[in-house]
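Each chain, written out:
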Amino acid sequence: MEQSRPHVGLFIPCYVDQFYPQVGIATLEILEKLNCNVSYPLDQTCCGQPLANSGYERETKESCQQFLNSFLQFDYVVAPTGSCVHHIKERYSKILNAPELQPSLNSKIFELTEFLLDILKVELQGTFRHKVGYHASCHALRGLRLSKSSEVNTAPFDKVKSLFGKVEGLEWSQLQRNDECCGFGGTFSVKEEAISLSMGTDRLTDHYEAGTEILTATDMSCLMHLKGLADKKQSTLPIMHLAEIINQIIS
Amino acid sequence: MSSRQEILEKIKKLRLDQTELPTIPEFKNPLNTEEEFKASIEANKGEIIPEEKLMSWISETGFQKILNFSQLINLNTSYAKIEDAHELDQLQVAIIDGQFGVGENGAIWITNEQVPFRAIPFITEHLVIVLPKNEIVSTMHQAYIKTSSQSYSFGLFIAGPSKTADIEQSLVIGAHGAKSLRVVLV
Amino acid sequence: MSHSKASTDFLRNAEHAKWHDETLWMIREKRDLASQKVPEWENLRTIASSIKEHVLSNLDHLLLEFEANATKNGIQVHWAKDAQEHNQIVLDILKKQSCAQVVKSKSILTEECHLNPFLEKNGIEVIDTDLGERIVQFLHQPPSHIVLPAIHLKKRDISELFHQKLQTEKGNEDPYYLTQAARTHLREKFLKAKVAITGVNFGIAETGEFVVCTNEGNADMGVHLADVHIACMGIEKLIPRRNDLGVFLRLLARSATGQAITNYTSHFRGPEKGKQIHLILVDNGRTEQLGREKFRNSLKCIRCGACMNTCPIYRRSGGFSYQSTVPGPIGSILSPGLDLKKYSSLPFASTLCGSCTDVCPVKINIHEQLYEWRQEITKANPNHAESLSMKLASGIFKSPLAYRISGILMRKLIKNLPDSLIYNPWNVWGKGRKLPETPQESFRNWYLNHRKNEQ
C-alpha cells in the first residue's frame, strides 16, 4: 500500500526556512493530512534565484546541482512558493546547460496550490469566515500561469480561487488593480527602494480600501515586503500564507 | 563600401535561418457592419448624417468657402479654382467621396483619386465624406484584401476629426486637421 | 544619474507621482477594454510576432525588395549606417532646398539620432508639430514617453508655457483653448514649410510604400503642403506584405491608447506631382542587436508604448529617469545594446513582473531579456564588492553546512542587534519596512525536533 503513494519531496525556500518556519510547517501538515508520503531532504539550501536575478546566474551552478541532488529522486517536489518554483522550471536547464532536465522539471516540481488542485485533485471543504485579500504574486501569475493575468484576452481561470471554491464563508476582496506587482522583486527592494515602497504602499491601500481582513499570497516574499511596510506604518494587516489558510481549513 | 553595402553585408554575415511567414486567417465578424461602422464613427467623435441634414447644416452655418469634390452629391460651389494646396488654408468645408468604410474602427479609405490635392482632408476646417452604404467591410483584413490590386500614389484611412489628448489626457477635437467629420451614407 | 536616484527624485513630489501613475494606468485600462473587443486578439499577437520574426530572419532581402519597389514608385531611398550619417543626409537634402526651417512630426528615430540639435547647429530651425512634442520642444526637454510626449506635464504647466511662448491668456488652462492656440501657431508654420520630416510606422516591402499613423494630422499637414517629404525609418520597421498591415494596424492603436485606430493612417507610395519623397533607412546599432540572439526579438517593437503604460516602475518614475531616448521596459532592453555602461542600471529597474511581455502586441519577451541583460552587465561591468558577496553567497548556498551556520548566525544577529543599528540609513530594508520577527528555530530545526524520528 505504502509503495503506490507518490513520494513527495518538500522544498522549503531559504527565507521561509529561516524566518517563516510556520509556513513550512503548515505545508508539511497539509501534505500529511492529505495522506502524502512526504520527505524533507535535510541538505536543501537555496534555489539560487536571488543571485541569478542579480545577474550572477553563472555563480549558481553548484547550488542548482545541490537542489537537484536533493530532489530529483522524488516523484513530486512541492513548495510553498511560486517564485522559486518558476525559477527552477524556467532557468535550471539553461543554467546547467542540460536541456534533458526540462521534462522532469516540468512534470515534478509544483507550487503548493497547483499541486493540490491539479495533481491531488483536492476540493477544499470547510469554513473560513473572512474577507481574504489575494495578492497575485507575479511569478505564480505570469510565470507559472496559475491564473489568467489581467493583460491577456483569454478565457478566465484562477487555480487558487478554484481550490477554495467550496469553502464556506470565504469572501475575496475586490481590488482596484487585480494583479499589479507589490514591488518586492528581490534586490529591487533595496536597489530601487523608493519605487519598491511606493508600489507596496499602493497594494496595501488597495487592500485597506477593499476591506481585506487577511492578506494572503502564494509567495511569502511578497507578504514579507507588504507586512514590513504595514508594520512600519503601525497599521495592522494580518497576513497568512495560503498554506496556513489551507491548513486551518483542513482539519 | 557604401553604407548600403555595409548594412546589407552585416545582415548577410549573420546567416540567420529564414523563418516561415504565417498566412493570415480569415477572421469572421458576425456583427452588422453598418451598425458597427456608425458606432465606431461616433466613438471617434464623427457624425453620420443623412444628405438632407448636410444641406441644412451648410445653410445654417452660412459657410461660403466650400468645395465639393464628390461625384455622389450635387452641390455647386463657386469658391475659387485651386491651383495650389496653400490656397486651401481658408477652406471651411470640403466634401469628398470615400471608397468604403471599416466597421470595427470607422476608418474610411480614400486615395489620390478622390482628392486633387492630398492636403484637402487635413487643411479644411470641416470635412464631409460621402460613402456608399453598401460599401462597408468589417475588419482591416478585409479592407486590405479589397484594395490589394489598387494602384495609387497616396492612400488614407481617415476615421474621424483631428484630435489630441496631449494636454493632461483631455480629449480635444480639432488639433491640426479637420475640426469635424460628417459622414453621409448614400 | 542612475535610474534609482532619478526615480527617488521623481517620487519626492508624491502628488505628481500619484497623478502620473494613475493617468498611465487609465491608459492601460483603455488598452485592456479595446483588446477585449477583438476576440482574436491573442491570435493576432502571435501572428504579428511571427511576421516580425520572419522579417528579422530575412531582413536583407526584404530591404532590397522594399528599396526596389519604392524606387520604382518615385521615392528616393537613402541608407544611413549611423545617426551621424542620417543627420547629414537630412541636412544635405535641406541645403539643396535652400531651406532654413523644417517641420517635423513624431519620429522617435530622429530623437535617437539627435537630429534637432544637429540641424539647429547648422542653422536650420526645426519645428516639432505634434502638440506634445512642440510643448516639450518649447521647454527644451526630450519627450518622456514615446507616444504621449508631454504626459509628465499638467495643464497648468502648459498654460504658463503657452502664455509665455504663444501669448495665450494667463491662467487659462482650458485644453481646447490651448490646443486652438497651438493649431493657429503651427498652421502658420505648415503653410511656410518647404520640407517636412516624418517618421515611418511601417514600410511595406511588397509595394514599396510606407505608412504614417497620427491622430492630429500634423504629419500630413506638413508633407502635403511642403515640396519635399523626408521619411526616417529604422530598418526593422519593415513588413513583408501589404496585407500584413491588417494585423499590425488592428494591434497598434489599441495597444498604444485604447483607440481602435489612429485618426489618420497615411499610405505613401509615390510623391505628389512636382514634389519629392526621400526615405532614409537607418541602421544605428540595429544590425548589432540583430546579431545578439538573446536580444534580437527587441527589434520586433512597433513603438506602441503599451509596455510603458503597464510598467509599475515606469508609472512611478517617469520617462526621464531612464535617460534614454526610448524609456521604460522596451528602452531597457534596447539601450544597453547601444551603450552597455551608460544604461547598465536600466535592466535592474524592474521586478521582472512580466506585465510588459503580456501587453506587447508583438510578443517580445521583454522581462526575460531584462534578466538576460543583467547577466551580461555583471560580466561586462564587474562591481567587485558585489561580485565578491555573490561568490560568498554562492559558496554558502552550495554547501548545506555553510548554509545552516550562516542561517543561525543571521537570525541570532538580527535578534540581538539594537534597533538603532538595524533601523538606520545603511540598512536599506529597515529604512522603510520593519524586519521580520526572528523565530526561535528554522523550519529545518523544527523538522528535526518533530519529525526526524519518523523518517
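Treat the numbers as computed from the prediction; the structure is a model and nothing was measured. (Residues numbered from 1 in each chain as written. Chains lettered and ligands numbered in written order. Predicted model: local features only at pLDDT ≥ 70, side-chain atom pairs only at ≥ 80, totals over all residues.)

As for the overall build of chain B
Then, number 1: The number of helices and strands found in chain B is 5 helices and 11 strands.
Then, number 2: Its C-alpha atoms give chain B a radius of gyration of 20 Å, clearly above 16 Å, the size a compact globule of 186 residues would have.
Then, number 3: Viewed in the frame of its principal axes, chain B has a C-alpha envelope of about 65 × 45 × 40 Å.
Then, number 4: When the 186 residues of chain B are sorted by exposure, 45% land in the buried category.
Then, number 5: For chain B, long-range pairs separated by at least 24 residues make up 76% of all intrachain contacts whose partners lie at least 6 apart in sequence. (Helix = DSSP H or I, 4+ residues; strand = E, 2+ residues; numbered from the N terminus. Rg over C-alpha atoms; globule rule 2.2 N^0.38 Å. Buried ≥ 20, exposed ≤ 12 C-beta atoms within 10 Å, placed from the backbone. Contact = placed C-beta atoms within 7 Å.)

As for the overall build of chain C
Then, number 1: Each helix and strand counted, chain C has 23 helices and 10 strands in total.
Then, number 2: The buried share of chain C, reckoned over its 455 residues, is 57%.
Then, number 3: Counting only contacts in chain C whose residues sit at least 6 apart along the sequence, the fraction spanning at least 24 positions is 73%.

Re the interface of chain A and chain C
Then, number 1: Facing the 57 residues of chain A at the interface are 55 residues of chain C.
Then, number 2: Taken together, the elements giving at least two residues each to the side of chain A that touches chain C come down to helix 1 (14-19), helix 2 (21-33), helix 3 (49-56), helix 4 (61-71), helix 8 (138-143), helix 10 (188-191), helix 11 (193-210) and helix 12 (220-232) of chain A.
Then, number 3: In terms of residue class, the side of chain A that touches chain C is built from 22 nonpolar, 22 polar and 13 charged. (Nonpolar A, V, L, I, M, F, W, Y, C, P; charged D, E, K, R; others polar.)

Here's the deal with the domain arrangement of chain C
Then, number 1: Each assigned domain of chain C is listed with its residue range as follows: domain 1 (38-284) and domain 2 (400-454).
Then, number 2: Placing a centre on the C-alpha atoms of domain 1 of chain C and another on those of domain 2 of chain C gives a separation of 57 Å. (Domains from an automatic or database assignment.)

Here we look at the arrangement of the chains
Then, number 1: Taking contact number as the criterion, the leading pair out of 2 pairs of chains in contact is chains B and C.
Then, number 2: Taking C-alpha atoms as the reference, chain A and chain B come no closer than 16 Å and do not contact one another.

Topic: the environment of Arg296(C)
Residue and element names in this part refer to chain C.
Then, number 1: With respect to the helices, strands and loops of the structure, Arg 296 is situated in the loop between helix 13 (286-290) and helix 14 (306-310).
Then, number 2: Exposure remark for Arg 296: the 19 C-beta atoms within 10 Å place this residue in the partly exposed category.
Then, number 3: Residues within four places of Arg 296 in sequence aside, it is in contact with Leu 56, Gln 289 and Leu 290.

Here's the deal with the confidence of the model for chain C
Then, number 1: When pLDDT is averaged across chain C, the result is 92; 93% of the residues are at 70 or more.
Then, number 2: For this predicted complex, the interface confidence reaches an ipTM of 0.97, while the overall pTM sits at 0.94. (pLDDT = per-residue confidence, 0-100.)

A word on the environment of Pro22(B)
Then, number 1: Within the secondary structure, Pro22(B) sits in the loop between helix 1 (3-13) and helix 2 (33-43).
Then, number 2: The partly exposed category is assigned to Pro22(B), around which 16 C-beta atoms lie within 10 Å.
Then, number 3: Placed 45 residues apart in sequence, Pro22(B) and Leu67(B) show a C-alpha to C-alpha distance of 45 Å.
Then, number 4: Dropping the residues within four chain positions of it, Pro22(B) is found in contact with Ile47(C), Ser50(C) and Ile51(C).

Some details on helix 13 (residues 242-249) of chain A
All names here are of chain A.
Then, number 1: Of all 8 residues in helix 13, 6 are buried; the element is thus mostly enclosed.
Then, number 2: Taken together, the buried positions of helix 13 are Leu 242, Ala 243, Glu 244, Ile 245, Ile 246 and Asn 247.
Then, number 3: Looking at the packing, one finds that the buried side of helix 13 touches helix 2, helix 7 (112-119), helix 9 (159-163) and strand 7 (214-216).

A few points about the interface of chain B and chain C
Then, number 1: Every contact between the two is made by 57 residues of chain B and, on the other side, 63 residues of chain C.
Then, number 2: Elements supplying a minimum of two residues to the side of chain B that touches chain C: helix 1, helix 4 (120-123), helix 5 (140-146), strand 8 (154-158) and strand 9 (163-164) of chain B.
Then, number 3: Counting residues per element, the side of chain B that touches chain C draws most heavily on helix 1 of chain B, which supplies 8 residues.
Then, number 4: Class assignment for the residues of the side of chain B that touches chain C results in 27 nonpolar, 18 polar and 12 charged.
Then, number 5: Bridge count between strand 8 of chain B and strand 9 (residues 264-268) of chain C: 5 bridges; the pairing is antiparallel. Bridge pairing links Phe154(B) to Phe268(C) in strand 9 of chain C. (Pairing = 2+ DSSP bridges.)

Some remarks on the nonpolar core
Then, number 1: Val78(A), Phe248(C), Leu279(C) and Leu281(C) are the most contacted members of the largest nonpolar core, which has 256 residues in total.
Then, number 2: Residues within four places of Leu279(C) in sequence aside, it is in contact with Ala70(C), Ile75(C), Val77(C), Phe210(C), Ala231(C) and Met233(C). (Core = buried A, V, L, I, M, F, W, Y, C linked by C-beta atoms within 7 Å.)

A short note on the sheet that holds strand 1 (residues 47-49) of chain B
Residues and elements named next belong to chain B.
Then, number 1: Read from one edge to the other, the open sheet built from 5 strands follows the order 1-11-6-3-2, with strand pairing classed as parallel. Looking at which strands have only one partner, the edges of the open sheet turn out to be strand 1 and strand 2 (66-68). Sheet twist, expressed as the average angle between the axes of neighbouring strands with direction ignored, equals 20°.
Then, number 2: Bridge count between strand 3 (residues 93-97) and strand 6 (residues 126-131): 5 bridges; the pairing is parallel. Across the sheet, the residue bridging to Ala 94 is Leu 127, located in strand 6. (Axes fitted to C-alpha atoms, helices over the stretch in contact; angles between N-to-C directions.)

Focus: the packing of helix 3 of chain A against helix 18 (residues 366-380) of chain C
Then, number 1: Between helix 3 of chain A and helix 18 of chain C, the shortest axis-to-axis distance is 7 Å and the interhelical angle comes to 70°. In terms of orientation, helix 3 of chain A lies roughly perpendicular with respect to helix 18 of chain C. For the pair helix 3 of chain A and helix 18 of chain C, the contacting residues are Asn53(A), Ser54(A), Gly55(A) and Tyr56(A) in the first and Tyr371(C), Arg374(C), Gln375(C), Ile377(C) and Thr378(C) in the second. (Parallel < 35°, antiparallel > 145°, perpendicular 65-115°, else oblique.)

With respect to the packing of helix 11 of chain A against helix 12 of chain A
All names here are of chain A.
Then, number 1: One way to put it is that helix 11 packs onto helix 12 with a least axis distance of 10 Å and a crossing angle of 85°. When the interaxial angle is binned, helix 11 and helix 12 end up roughly perpendicular. For the pair formed by helix 11 and helix 12, the contact residues are Leu 197, Gly 200, Thr 201, Arg 203 and Leu 204 on the first element and His 225, Leu 226, Leu 229 and Ala 230 on the second.
Then, number 2: Residue classes in the contact of helix 11 with helix 12 are distributed as 5 nonpolar, 3 polar and 1 charged.

Side note on the sheet that holds strand 1 (residues 7-10) of chain A
All names here are of chain A.
Then, number 1: The 4 strands lie next to each other as 2-1-3-4, forming an open sheet whose pairing is parallel. Two strands bound the open sheet, and with one partner strand each, they are strand 2 (37-39) and strand 4 (109-111). Across the sheet, the mean angle separating the axes of adjacent strands is 30° when strand polarity is ignored.
Then, number 2: Where strand 1 and strand 3 (residues 76-79) come together, 3 bridges link them in parallel fashion. Bridge pairing in strand 3 links Leu 10 to Val 78.
Then, number 3: The strands touched by helix 2 are strand 1, strand 2 and strand 3; relative to strand 1, the strand with the most contacts, the crossing angle is about 170°.

Considerations on the pairing of strand 3 of chain A
Each regular strand displays side chains that alternate between the two surfaces of the sheet.
Residue and element names in this part refer to chain A.
Then, number 1: The side-chain alternation of strand 3 yields two buried faces, one formed by Tyr 76 and Val 78 and the other by Val 77 and Ala 79.
Then, number 2: Both strand 3 and strand 4 contribute to a ladder of 3 bridges, which runs parallel. Residue pairing for strand 4: Ala 79 is matched across the bridge by Glu 111.

Considering the pairing of strand 11 (residues 180-185) of chain B
Residue and element names in this part refer to chain B.
Then, number 1: By the criterion of burial, strand 11 is predominantly enclosed, with 5 of the 6 residues buried.
Then, number 2: In terms of strand pairing, strand 6 meets strand 11 through 6 bridges, oriented parallel. Opposite Val 130, over in strand 11, you have Val 184 as the bridge partner.

Some thoughts on unusual backbone geometry
Then, number 1: Phi at Asn97(A) takes a positive value of approximately 50°, unusual for a residue other than glycine.
Then, number 2: With respect to the helices and strands, the residue Asn97(A) is situated in the loop between helix 5 (83-95) and helix 6 (102-108).
Then, number 3: Of note, the phi angle at His114(C) is positive, near 50°, even though the residue is not glycine.
Then, number 4: With respect to the secondary-structure elements, His114(C) resides in the loop between helix 6 (108-112) and helix 7 (115-121).
Then, number 5: You can call His114(C) partly exposed: it has 15 C-beta atoms within 10 Å.

Some details on the environment of Met240(A)
All names here are of chain A.
Then, number 1: Looking at where Met 240 falls in the secondary structure, it is placed in the loop between helix 12 and helix 13.
Then, number 2: Since 21 C-beta atoms lie within 10 Å of it, Met 240 is described here as buried.
Then, number 3: Sequence separation of Met 240 and Gln 49 is 191 residues, and the distance between their C-alpha atoms is 23 Å.
Then, number 4: Setting aside anything within four residues of it in sequence, one finds Met 240 in contact with Ile 214, Thr 216 and Ile 245.

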